[in-house]
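Here are the chains, one letter per residue:
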Amino acid sequence: MSGKMSLTTKMLVALVLGVATGFLLQAVPEVVIMGHSVNYLFVEGLLYFVGTLFLNGIWMIVVPLIFVSLIVGVTSITDPKKVGRVGGKLALIYLLSTFPAIGAAMFFGTVLNPAAGVTEESISAFYLEPTIGTPPGVIEILLNIVPRNPFAALSGGQTLQVIFIAIAIGLAIIAVGEAARPVRELFVSLNEVIMKITSVVMKFAPYGVFALLARTFSMLGLEAIRALFMFVVVVWLALAFHTIVIYGGALKIFVGRDPHTGKSINLATLFKKASPALAFAFSSASSAATLPVTMKCARNLGFSREMTSITFPMGVTLNMDGTAIFQGVAAVFLASFLGVNLSAGDILTILITATMATLGAAGVPGAGMIMLSMVLMSVGIPIGAIAFIFGIDRIVDMPRTAINVFGDFIYGLIVGKQEGMIDFAQFNSNTDLAAMEALEAMESGAAATAGGGE
Ligand code: ASP
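Because the structure is a prediction, the values reported are computed rather than measured.

How each quantity is defined
- Residues numbered from 1 in each chain as written.
- Predicted model: local features only at pLDDT ≥ 70, side-chain atom pairs only at ≥ 80, totals over all residues.
- Heavy atoms only, no water.
- Helix = DSSP H or I, 4+ residues; strand = E, 2+ residues; numbered from the N terminus.
- Contact = heavy atoms within 4.5 Å.
- Polar contact = N/O pair within 3.5 Å; in protein donor to acceptor, adjacent residues only side chain to side chain.
- Axes fitted to C-alpha atoms, helices over the stretch in contact; angles between N-to-C directions.
- Parallel < 35°, antiparallel > 145°, perpendicular 65-115°, else oblique.
- Left-handed = near helix turned anticlockwise from the far one by under 90°.
- Nonpolar A, V, L, I, M, F, W, Y, C, P; charged D, E, K, R; others polar.
- Expected span 1.5 Å × (residues − 1).
- Buried < 20%, exposed > 50% of the residue type's maximum accessible area, 1.4 Å probe, protein only.
- Near = heavy atom within 4 Å.
- Salt bridge = Lys/Arg side-chain N within 4 Å of Asp/Glu carboxyl O.
- Phe/Tyr/Trp six-rings, centres within 6.5 Å; stacked < 30°, edge-to-face > 60°.
- Core = buried A, V, L, I, M, F, W, Y, C linked by side-chain atoms within 4.5 Å.

Here Gln327 shows up in helix 13 (residues 321-337). For Gln327, the contacting residues outside a window of four places in its chain are Ala354, Ala357, Thr358, Gly368, Met371, Leu372 and Val375. A polar atom in the side chain of Gln327 sits 3.0 Å from the backbone oxygen of Gly368.

Shown next, in the form of structure tokens:
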């Protein structure tokens, strides 16, 4: 794992090395020196230490990350000049569309049950014991959303409460307006700082992942490994289903045809023209980093400038169907893997928490995984269970990020058509509008410089 490798490569190397080391540990005979088992010291000493240190790092950032990024997300939708109706509609559709995504994910997760066949033995070998309290009823869950003590909610990591406080503060900042500008700026700046800390924690991720995987696989049987493979397959399947059925259907029903030419607006054209953004999202696993590419694709797809600048920056934070799908499958999978029965109340809680968690998730690699801890916490699945899927997160992060970005195009087209902010002639044409605009901007910049900066 040299410093020159990209994080993706490091993660993949850590994944393979971790699994291989785990198996090796199962195979090697026990070595005892001065009455101490070296194998035990390695697994329960070194691997445990590095793995737990990494998990602590995630724990450390999760509450501040969701709290601050959600406040920034909520307040960013109300730039009074741009937003209003379009922003409101988009926010609503971004929010509501997450429910069917998680619903479908949990359905796939339950029906295809990737954890099926995992025996009692392999569960008890898994080093994290489930610590399940009595699940609260639906009424309690709803009542509990409003915290009596917001500081206790933050320090105790009370998921729904943290989200509630963040939204309340965000809305209040908007309502106060000008006088609250410094507060918003403070949160925007804090967000940068927390993102920085997150990226440092992520740098440590390959080592943490190696230790966690090696320790886990030194205890897990083959059927658990098969379960992990199935988990990845189910996430990919649920993502594909969502793209084809939900996005394809939404496009047909809500966008339909070009109002001028009667030409139908199809998924394939959209896919083709959005593909630079999708490919970038896939390889970077960051919808935030993809934003500039996404916005160029949007111009080529006929989005007006205004529509582009509202839809996509908002979508980066607020619209994450792919992440929601991942969280739905993961919650069902880990519950099943640890033998936790999810009640109807739990399902509702997952639906609400995962929706809120995607609102709070920053468009950075692994954010959905960090937010998953909040979803798990909310239904009493031990957060350490994340360790089991952490090592393979990248494999599911790449496609879910691409779907997160693709969803922005779909919902943008739906709202944009209603508002008359899409040029469908451009949608169907081959003109590279974004490239032309970039050239124009360069030329006018050059002219301005030549003209004394006017
Ligand atoms: N990587 C995703 C994104 O940038 C977020 C996630 O981890 O789910 O959209």
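The contact between helix 2 (residues 38-76) and helix 8 (residues 181-217) brings their axes to 7 Å, and the two run at 155°. Considered as vectors, helix 2 and helix 8 are oriented roughly antiparallel to each other. Read as a crossing pair, helix 2 and helix 8 show a hand that is left-handed. Grouping the amino acids of the contact of helix 2 with helix 8 by side-chain chemistry returns 30 nonpolar, 8 polar and 3 charged.

Another point: helix 13. If you check helix 13, its first and last C-alpha atoms are 24 Å apart, about what 17 residues at 1.5 Å a residue would give, namely 24 Å. For helix 13, the tally of buried residues reaches 16 of 17 residues, placing the bulk of the element in the interior. In the segment just after helix 13, Gly339 is the residue with positive phi, at about 70°.

With that settled, the discussion passes to the site of the ligand. Taken together, 15 residues are adjacent to the ligand, and Ser287, Thr323, Gly368, Asp397 and Arg400 come closest. The contact in question runs from an oxygen atom of the ligand to an N or O atom on the side chain of Arg400, over 2.6 Å. Measuring from an oxygen atom of the ligand, one finds a side-chain N or O atom of Asn404 at 2.9 Å. Contributing elements (two or more residues each) for the shell around the ligand: helix 15 (367-378) and helix 17 (393-418). For the shell around the ligand, the residue count by class is 5 nonpolar, 8 polar and 2 charged.

All chains considered together, the criterion is met by 6 salt bridges. For the salt bridge of Glu185 with Arg181, the shortest nitrogen-to-oxygen distance reads 3.9 Å. Taken together, the residues span about one helical turn, with Glu185 and Arg181 both in helix 8 at a distance of 4 residues. On the accessibility criterion, Glu185 (45% relative accessible area) is partly exposed. Within the structure, one salt-bridge network assembled from shared partners comprises Glu178, Arg181 and Glu185.

Before going further, it helps to spend a moment on the packing of aromatic side chains. Inspection of every chain in the model, using the stated rule, returns 16 aromatic pairs. Ring centres of Phe54 and Phe204 lie 6.2 Å apart, and the angle between their planes is 55°; this geometry places the pair in the tilted category. With a gap of 150 residues between them, Phe54 in helix 2 and Phe204 in helix 8 connect regions that are remote in the sequence. According to the relative accessible area criterion, Phe204 is partly exposed, its value standing at 29%.

This next bit is on the nonpolar core. Ranked by internal contacts, the top residues of the largest apolar core, which has 126 residues, are Phe231, Leu372, Ile389 and Phe409. The element best represented in this core is helix 2, accounting for 14 residues. Phe231 has contacts with Pro114, Phe326, Val329, Ala330, Phe333, Ile389 and Ile392, leaving out every residue within four places of it along the chain. The next biggest cluster of nonpolar side chains, apart from the first, holds 5 residues, and it includes Leu25, Val43, Leu47 and Ala211.

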